[in-house]
Structure formats: C-alpha cells, structure tokens
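Fold and contact review
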Amino acid sequence: MSRIEDLRTNYMKGTLEEQDLPSDPMVLFHQWWNEVLLSEIPEPNAMTLATVNKEGKPSARIVLLKGASVSGFEFYTNYQSAKAKDMEENPHVALVFLWKEIERQVRIEGVVEKVSTEQSQNYFQSRPRGSQIGAWASPQSVVIPDRKFLEAAANKIAEQFENVDPLPCPEQWGGYLVIPSKIEFWQGRSDRMHDRICYSKLKREDWKRERLAP
C-alpha cells in the first residue's frame, strides 16, 4: 500500500493564459462548465460550501449547485439546518468546485442571501416527488433516534399529501444565492507550477483579474 506522502499526480491537461481570458469571471465559469458537462464527470454540480458561525467555528459540507448567473451561485437546503444557522449568523461563505478529471478547481468567496419564496417554491415543485417528501420529513441536522423514525416521518407525509401533486414548499426549506466577491480559477500544471487566475469584484460590475503564484 502506498504511503500517503508518496501519492502525487503530474497535471498536464490544460493551461490558463491571460490573453485567452474574459474580463468577466462568470463568462469563464460557464465556459468551464460546458467543458465539464462534455467530459461527463459524475455530479459536476457538487461543491463544497464552507460557513463560519458567530463563534468563528468553520464547517464545510458538499451541496449541489442549482443555478449560476450574473447574480451568483444558487443552492437549496433546509432553513433550520446547521449550515442555515451558520449563514444566518455570518453571511460570508466560500464555495469550491473540484473537477479532478480535467484537473480544474474553482474557488468562490462571497455573501449569501435567501432567494424569493416564489423561486424556492418553483424549484421545489420541479423536484422528484420522493425528494419533496424527504424535504418535508427530515428535520435536517437534528439528532434522531434511528432510521425508522425518518422512514415513519416520510410515510406520514406521503399519506398526508397522497392526493396532492406537487407538494407545497415547506416554510423551512428554500434557496440561497451566493453573491461572489472573489472567484479563483485553478488549472493543474506540471511540476506543481499550476495556473491560478483570481477575479476580485470592484465597484459596479467591474472585476480585477490577477495571476497568483501556485
């Protein structure tokens, strides 16, 4: 078995050259996103969401991107979850995408705000029925006695809404928008001489673009 310290990869699949880069990082994100989709990477929308609570304690978990626009990056969750409580106490968050198959990473820093109730409901009702039931049944992040407790809650919700399709969106569930202030694009290169291009938000819609040492 290989020792952990001996595990390494030499990255050779791409470059980031300033003359080829747009002034708007969201244009570059969508260019990369299209390439990710073409590469058929499993769950390319999986991203790490890092939060920090009022005591300065960090926490991170994987969530799924559900929208990316000039406004920011969108995801959905339970508003009573641990991450929601962190974001209520401290709206500054970070996101990370790792697409290791094409040797790329995107890091995002910004502030988060809730999307509209209408937008949350529209997305909620586009989900599979089982996911809708699960969102109603699960008291996310709360300690529960066992798996049967969760299954019983799901069965109860299924019976309650037996003749309702789609289900209404729960009050405790909805979307967030991460409004970016910094977006960094990382492209793996050989000999650990990676390309790092960082966009920092200036006033209005302008961005400053800089190359960072790897």
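Everything below is about the structure shown above.
In this text, all values refer to a predicted model and were calculated from it rather than measured experimentally.

Criteria and cut-off values
Residues numbered from 1 in each chain as written. Predicted model: local features only at pLDDT ≥ 70, side-chain atom pairs only at ≥ 80, totals over all residues. Heavy atoms only, no water. Helix = DSSP H or I, 4+ residues; strand = E, 2+ residues; numbered from the N terminus. Buried < 20%, exposed > 50% of the residue type's maximum accessible area, 1.4 Å probe, protein only. Contact = heavy atoms within 4.5 Å. Areas by Shrake-Rupley, 256 points an atom, 1.4 Å probe, with all protein chains shown as cover. Phe/Tyr/Trp six-rings, centres within 6.5 Å; stacked < 30°, edge-to-face > 60°. Lys NZ or Arg CZ within 6 Å of the ring centre and 35° of its normal. 1 Å grid on protein atoms, 1.4 Å probe; cavity = no way out; pocket = protein on both sides within 12 Å on 5 of 7 lines; lining within 4 Å. Points joined across faces, edges and corners; volume = space filled by probe spheres on them. Nonpolar A, V, L, I, M, F, W, Y, C, P; charged D, E, K, R; others polar. Pairing = 2+ DSSP bridges. Core = buried A, V, L, I, M, F, W, Y, C linked by side-chain atoms within 4.5 Å. Expected span 1.5 Å × (residues − 1). Polar contact = N/O pair within 3.5 Å; in protein donor to acceptor, adjacent residues only side chain to side chain. Salt bridge = Lys/Arg side-chain N within 4 Å of Asp/Glu carboxyl O.

Looking at the overall build of the protein chain
- Scanning the protein chain from N- to C-terminus turns up five helices and nine strands.
- Across the protein chain, helices and strands are ordered from the amino to the carboxyl terminus as α-β-β-β-β-α-β-β-α-α-α-β-β-β.
- Considering only C-alpha atoms, the protein chain reaches an extent of 60 × 55 × 40 Å along its principal axes.
- For the protein chain, the proportion of its 214 residues judged to be buried stands at 39%.
- If you take every contact in the protein chain between residues at least 6 apart in sequence, the share linking residues at least 24 apart comes to 64%.
- In the structure as shown, the protein chain presents an accessible area of about 13,100 Å², 50% of it carried by carbon and sulfur atoms.

Focus: the packing of aromatic side chains
- Taken as a whole and assessed by the stated rule, the structure comprises 16 aromatic pairs.
- Considering the side-chain rings of Y11 and W186, the 5.6 Å spacing of their centres and the 80° angle between planes classify their relative orientation as edge-to-face. Here W186 lies in strand β7 (residues 173-187) and Y11 lies in the segment before α1 (25-39), a separation of 175 residues in the sequence.
- The exposure class assigned to W186 is buried, which follows from its relative accessible area of 14%.
- Summarising the aromatic geometry, the rings of F29 and W33 are spaced 6.3 Å apart at their centres and angled 10° between planes, so their arrangement reads as stacked. Placement of both F29 and W33 in helix α1 is noted, with a separation of four residues, approximately one turn of the helix.
- Judged by its relative accessible area of 1%, F29 is buried.
- The exposure class of W33 is buried, given its relative accessible area of 19%.
- Site record: aromatic cluster; members linked through ring pairs are F29, W33, F73, F97 and W99.
- Note that R104 overlies the ring of W32, its terminal NZ or CZ placed 4.2 Å from the centroid.
- When the ring centre of Y79 is taken as reference, the NZ or CZ atom of K114 above it lies at 4.1 Å.

Regarding the layout of surface pockets
- Put simply, the largest pocket is a space of about 360 Å³.
- Lining the largest pocket are 15 residues, and of these Y76, T77, R127, Q140 and W173 sit closest to its centre.
- Elements with a contribution of two residues or more to the lining of the largest pocket: β2 (58-64), β4 (72-78) and α4 (129-137).
- Taken together, the residues that form the lining of the largest pocket break down as seven nonpolar, five polar and three charged.

Let's talk about the pairing of strand β9 (residues 207-212)
- The pairing of strand β8 (residues 195-201) with β9 spans six bridges and is classified as antiparallel. The residue of β9 that forms the bridge with C198 is E210.
- Between β8 and the antiparallel strand that follows it, β9, lie five residues; R204 among them carries a positive phi value of about 60°.

Brief notes about the nonpolar core
- Core analysis: the largest hydrophobic core is formed by 33 residues, its most contacted members being F29, F73, W99, V106 and F185.
- Put simply, the parts of the chain that give this core at least two residues each are α1, β1 (46-52), β4, α2 (82-89), β5 (92-99), β6 (104-114), β7 and β8.
- The element contributing the most residues to this core is α1, with six residues.
- Not counting chain neighbours up to four residues away, the residues in contact with F185 comprise L16, P25, L28, F29, W32, Q105, V106, D195, R196, I197 and Y199.

Here's the deal with the environment of F185
- Mapped onto the secondary structure, F185 falls in strand β7.
- You can call F185 buried: its relative accessible area is 0%.
- Spatially, the C-alpha atoms of F185 and Y79 are 30 Å apart, while their sequence positions differ by 106 residues.

Topic: helix α5 (residues 147-160)
- With 14 residues, α5 should reach 20 Å at 1.5 Å per residue; the first-to-last C-alpha distance of 20 Å fits that figure.
- Capping of α5 at its N-terminal end is provided by D146; its side-chain oxygen lies 3.2 Å from the backbone amide nitrogen of K148.

Observations concerning the pattern of salt bridges
- In the structure shown here, the tally under the stated rule is 14 salt bridges.
- We note a salt bridge from E18 to R211, for which the minimum N-O separation is 2.7 Å. Note that E18 is positioned in the segment before α1 and R211 in strand β9, a separation of 193 residues in sequence.
- A salt bridge links E101 to K100; the shortest N-O distance between them is 3.7 Å.
- Looking at K100, the relative accessible area reads 57%, which means it is exposed.
- Several salt bridges converge on common partners, so that one network encompasses E18, R189, D195 and R211.

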